[in-house]
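Summary of the model geometry
The residues making up each chain are set out below.
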Amino acid sequence: MKTVILSALAASTLFALIGCNNRAEMQVIQPTQSAELKPMQQSWRGVLPCADCEGIETTLFLEKDGTWVMNQRYQGAKEPSSFATYGKWARTAEKLVLIDAQGEKTFFRAKGEGMEMLDREGNPIESQFNYTLAPVNAALPSTPMAMRGMYFYMADAAIFTDCATGKKVNVANNAQLERDYAVARGNDSKPVLLTVDGHFTLEPNPDSGEMVKTLMADKDAKFHAGKDCRDK
């Protein structure tokens with residue numbers, strides 16, 4: 001099943017935002033420099049091949065802050081199940097690279113307006129099956145993902161700095177998290193490591209009304225006092 005999930009990831013080829021710049025080696029791109037990244041995120045969807053189910057409905061979101069989110073739903077399974085993953089993206093001259101929270105890489109390339117999954121070495125897959133995702137307008141998935149980052153609360157606002165991507169996002173109002181954080185930090189006003197199953201959404205900024213990326217804590221939230229992202 002893990003192999004299937006990795007294959008689906010690849011199919012989420014967010015490569016639509018890869019420009020025509022010629023770069024010899026892979027480099028992290030500053031999303032603000034890409035003229036193609038006009039919306040908050042670009043999204044693609046398709047059904048990828050599956051060895052033990054009818055197909056894997058895969059939706060991929062490429063966000064302008066340099067991160068991505070992918071949701072995969074296994075069709076025809078006895079117990080319908082969905083999985084979501086996230087990480088940061090980079091690119092080479094001709095390929096898009098998705099790097100997940102564990103540092104694993106998957107490769108894609110642009111195919112028209114869609115994204116075509118490549119193999120683990122970044123080469124085209126010779127197959128009669130379809131490995132391409134088509135562009136679509138969709139909301140970020142609500143499937144919980146295991147997250148790990150530094151949580152900080154002050155002046156009625158909480159910020160989560162994700163360990164995997166280094167990105168900061170707002171945290172939706174959560175009274176229990178706020179109480180648990182107060183206990184974990186003790187007398188020190190500093191961030192505390194938080195592990196939680198959650199998902200990202202877009203919520204209005206209370207001051208400007210602008211839609212901003214926000215973490216929704218779903219379950220299994222736990223603070224780890226005295227630790228940070230460097231600790232295992």
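Residues numbered from 1 in each chain as written. Predicted model: local features only at pLDDT ≥ 70, side-chain atom pairs only at ≥ 80, totals over all residues. Heavy atoms only, no water.

**Topic: the packing of aromatic side chains**
Any aromatic ring pair is given by two values, namely how distant the centres are and how the planes are angled relative to each other. What counts is decided by this rule: Two rings from Phe, Tyr or Trp (for Trp, the six-membered ring) form a pair when their centres are within 6.5 Å of each other. A pair whose planes differ by under 30 degrees is stacked, one over 60 is edge-to-face, and the rest are tilted. Secondary structure elements follow DSSP: runs of H or I of four or more residues count as helices, runs of E of two or more count as strands, with numbering from the N terminus. Note on exposure labels: buried denotes an accessible area under 20% of the residue type's maximum, exposed denotes more than 50%, and partly exposed covers the range between, all computed with a 1.4 Å probe on protein chains only. Lysine NZ or arginine CZ positioned within 6 Å of the ring centre and within 35 degrees of the ring normal marks a charge as sitting over the ring.
Applying the stated rule across the entire model yields 6 aromatic pairs. Taking 6.5 Å as the distance between ring centres and 85° as the angle between the ring planes, the aromatic pair formed by Phe152 and Tyr181 counts as edge-to-face. Residue Phe152 is located in strand β9 (residues 145-154), and its partner Tyr181 is located in helix α2 (residues 175-185); the two are separated by 29 residues in the primary sequence. Look at Phe152 and you get partly exposed, because its relative accessible area is 24%. Residue classification places Tyr181 among the buried residues on the basis of a relative accessible area of 1%. Arranged with centres 6.0 Å apart and planes meeting at 50°, the rings of Tyr181 and Phe223 form a pair that is tilted. In this pair, Tyr181 sits in helix α2 while Phe223 sits in strand β13 (residues 211-224), placing the two residues 42 residues apart along the sequence. Take Phe223: its relative accessible area is 13%, and that puts it in the buried class. Here the aromatic cluster, defined as three or more aromatic residues joined through ring pairs, consists of Tyr151, Phe152, Tyr181 and Phe223. Taking NZ or CZ as reference, Lys213 lies 4.3 Å from the ring centre of Phe200, over its face.

**Side note on the pairing of strand β11 (residues 168-171)**
The side chains of a regular strand alternate, first on one face of the sheet and then on the other. Operational definition: When DSSP finds at least two bridges between two strands, those strands are taken to pair.
Bridging between strand β10 (residues 157-162) and β11 involves 3 bridges; their strand directions are antiparallel. Opposite Ile159, over in β11, you have Asn170 as the bridge partner. The antiparallel pairing of β10 with β11 creates a hairpin that spans 5 residues between the two strands, and Gly166 there sits at a positive phi of about 75°. Pairing between β11 and β13: 2 bridges, direction parallel. If you follow Val171 over to β13, its bridge partner there is Leu215.

**Details of the nonpolar core**
Worth spelling out the cut-off: Residues grouped as a nonpolar core are buried Ala, Val, Leu, Ile, Met, Phe, Trp, Tyr and Cys residues, joined through side-chain atoms within 4.5 Å. Note on definitions: a residue-residue contact is assigned when non-hydrogen atoms from the two residues lie within 4.5 Å.
Core analysis: the largest hydrophobic core is formed by 20 residues, its most contacted members being Met147, Tyr151 and Phe200. Those elements that provide at least two residues to this core are β4 (81-91), β9, β10, β11, α2, β12 (192-204) and β13. The element that contributes the greatest number of residues to this core is β12, accounting for 4 residues. Ignoring any residue separated from it by four or fewer positions in sequence, one finds Met147 in contact with Tyr86, Phe160, Leu194, Thr195, Val196, Gly198, His199, Phe200 and Leu215. Counting 18 residues, the second largest nonpolar core, distinct from the first, contains Leu62, Met70, Met115 and Met117.

**Some thoughts on unusual backbone geometry**
Positive phi, normally seen in glycine, also occurs at Asp156, with a value near 65°. Topologically, Asp156 is positioned in the loop between β9 and β10. The class of Asp156 is exposed, set by a relative accessible area of 65%. Of note, Asp220 is a non-glycine position whose phi angle comes to about 55°, a positive value.

**Considerations on the sheet that holds β10**
Spelled out, the test is: Axis lines are fitted through C-alpha atoms, for helices just across the contact stretch, and the angle between N-to-C directions can take any value from 0 to 180 degrees.
One closed barrel holds the 5 strands; their spatial order is β9-β10-β11-β13-β12, and the pairing between them is mixed. Going across the sheet, the axis of each strand differs from the next one's by a mean of 55°, ignoring polarity. By the bridge criterion, 7 bridges tie β9 to β12 in an arrangement that is antiparallel. Its bridge partner being in β12, Met147 is matched across the sheet by Val196.

That's the geometry; what it means functionally is another story.
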